[in-house]
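Descriptive structure summary
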Amino acid sequence: MGLLRTLAIIVIVYYAIKFIGRYILPLFVRKIVDNVEKKMRDQQQQYQNRQEKPTGKVGETVIAKKPSDYKEGNKNVGDYVDYEEVKDDK
């Protein structure tokens, strides 16, 4: 009786996996591919719109990012030690 039950469970699991792989899995994969395709299409359209509509005149230089303020280093780091190179005559 235990052997028949085990075989029945194995057969049921096998057909369940086969059903999922054949009918349900392609639906999920198709949905994922459609989402990725839509994102790529939107990115391409944004890139093309940016290329078609220049914001300035021809030859004009536009700086898109404001440079950060220059900060001086800490003056209290330590003393500067001047050294001379010593040649070894052996």
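Heads up: these notes are all about the structure in this document. Computed from a predicted structure; not experimentally measured. (Residues numbered from 1 in each chain as written. Predicted model: local features only at pLDDT ≥ 70, side-chain atom pairs only at ≥ 80, totals over all residues. Heavy atoms only, no water.)

**Examining the packing of aromatic side chains**
All told, the structure shown has 2 aromatic pairs when counted by the stated rule. Here the aromatic rings of tyrosine 14 and tyrosine 15 are separated by 5.2 Å at their centres, their planes lie at 75°, and the arrangement is edge-to-face. (Phe/Tyr/Trp six-rings, centres within 6.5 Å; stacked < 30°, edge-to-face > 60°.)

**Observations concerning a nonpolar patch on the surface**
On the surface, Phe19, Ile20, Tyr23, Ile24, Leu25, Phe28, Val29 and Val33 cluster together to form a nonpolar patch covering roughly 760 Å² of accessible area. In this fold, phenylalanine 19 is placed in helix α1 (residues 2-52). (Patch = residues over 30% accessible without salt bridge, like charges linked within 9 Å, V, L, I, M, F, W, Y side chains within 5 Å. Areas by Shrake-Rupley, 256 points an atom, 1.4 Å probe, with all protein chains shown as cover. Salt bridge = Lys/Arg side-chain N within 4 Å of Asp/Glu carboxyl O. Helix = DSSP H or I, 4+ residues; strand = E, 2+ residues; numbered from the N terminus.)

**Observations concerning the pattern of salt bridges**
Going through the model one piece at a time under the given rule, you end up with 1 salt bridge. We note a salt bridge from arginine 41 to glutamate 37, for which the minimum N-O separation is 2.9 Å. Residue arginine 41 and its partner glutamate 37 are both found in helix α1; the two are separated by 4 residues, about one turn of the helix. In this structure arginine 41 comes out as partly exposed when scored by relative accessible area, which is 46%. Exposure remark for glutamate 37: the relative accessible area of 38% places this residue in the partly exposed category. (Buried < 20%, exposed > 50% of the residue type's maximum accessible area, 1.4 Å probe, protein only.)

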